[in-house]
Amino acid sequence: MVKKIAVFMFLILFAAVSVYALEPIQTQPSTDGKMEASIVGAKVRSNVLTLKVDLKVTSGKDVKIIFLYQDIYVTDLNEKKKYLALKDADGLYIAGPKHDNEHGGRFWETIPAGEKRTIWIKFPAPPETTQVVDVFIPGILPFEDVALTR
Amino acid sequence: MVKAMIPIQRIIVLTMLVLLCMPADVFAGKDYIGPKDPQAVAAAQEALSRLGPERGAIAYSGRTVDIIGLQSIAFAGSAVELEKILSDLGARKVGTEILISLSGDVLFDFDKWDIKQEAEKELAKLVRAISELNKKNVVIEGHTDSRGSEAYNLKLSQKRAEAVKAWFETKGGLAGVTFQTIGYGEAKPATPNTHPDGSDNPEGRTKNRRVEIRIR
């Protein structure tokens, strides 16, 4: 009985670790070479695309990162459409973390050397016929053909 | 106490400790700012319903075709291209604004305020930059050198700023952007119009004949 419980606990631990350590779907460097961004989630649910992005400092120094969520967008080259992040009733982007609500929400943080932060943004999902999108984040080389999980 | 346990019991206790130490949002209870937060999910659905059947999708064609007339550029835009365009235009970031200075000699003939045909390529780049930056406020400032009367230069700079605005709105097809024009005449030189000894500084005057675009 105790053995069964031990095996069960191991399975739970394995599953939990798998969820926590998301594998990057695609990684792109920043234009200044000081950091890299990895898309770790691009999932569509109920017509909403949730994008999760790791921002990792690759230079040996702390890097101050500031951007507006309004400047992040997704393009669907198949349908020739561009999607901006969703806004709530107060005009704030449904995204996080936010330093303040300037222009609907702003990310502003000094990330220590070697560390990473994860941001998330919700967009209107492209039509079901669209399997891949391009993602544009200020200061980061564009992500092309990012596969959507539906 | 752990030492006293048999190995399997130790494993169970250690596993539970590891699970307890993991961030809470790995499991169900996301914090307020997490993407799975019910409030975020509900707000997203509400936002979607406000957007209607098109879900806020912005068509790429049309706007860009109107601007440049090259369909191939219509949806080839990327952050890298934008960087290049801004670099080509000599854009500078000043506070929260992006400042681009265009030579008056490139845009206009002497003493005129009609946009020269060869200047349209530069203006088209600017239109592209404004569109890609998704900015809605643009200030157009006209500047002259110090030749001629102050009153005349003021009038000329205002007309030139307005000519650029008109180009943006008609040939540029920039919809939804608010333009503000200001003529400064010779009041704000970028460099001195004369050398320290009082002699003429033609290079300086050339630099002073300009239109500055502030993208906000």
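Parameters and conventions
- Residues numbered from 1 in each chain as written.
- Chains lettered and ligands numbered in written order.
- Predicted model: local features only at pLDDT ≥ 70, side-chain atom pairs only at ≥ 80, totals over all residues.
- Heavy atoms only, no water.
- Pairing = 2+ DSSP bridges.
- Helix = DSSP H or I, 4+ residues; strand = E, 2+ residues; numbered from the N terminus.
- Axes fitted to C-alpha atoms, helices over the stretch in contact; angles between N-to-C directions.
- Phe/Tyr/Trp six-rings, centres within 6.5 Å; stacked < 30°, edge-to-face > 60°.
- Buried < 20%, exposed > 50% of the residue type's maximum accessible area, 1.4 Å probe, protein only.

**Some details on the sheet that holds strand 3 (residues 97-103) of chain B**
Residues and elements named next belong to chain B.
Here's step 1: Read across the open sheet, the 5 strands follow the order 2-3-6-4-5; overall the sheet is mixed. This sheet does not close on itself; its edge strands, each paired only once, are strand 2 (92-94) and strand 5 (178-185). Looking at each pair of strands side by side, their axes are set apart by 25° on average, direction ignored.
Here's step 2: Looking at chain direction, strand 3 and strand 6 (residues 210-215) are connected through 6 bridges and run antiparallel. Within strand 6, the position partnered with Ser-101 by the bridge is Glu-212.

**Quick notes on the packing of aromatic side chains**
Here's step 1: Summed over the entire model, instances satisfying the criterion amount to 5 aromatic pairs over all chains.
Here's step 2: Between Phe67(A) and Phe107(A), the ring centres sit 5.1 Å apart and the planes meet at 15°, which makes this aromatic pair stacked. With a gap of 40 residues between them, Phe67(A) in strand 4 (residues 63-68) and Phe107(A) in strand 8 (residues 106-111) connect regions that are remote in the sequence. Both residues of the pair, Phe67(A) and Phe107(A), belong to the buried class.
Here's step 3: Judged by centre distance (6.4 Å) and plane angle (75°), the ring pair of Trp167(B) and Phe168(B) falls under edge-to-face. Across the pair, Phe168(B) and Trp167(B) agree in class, each one buried.

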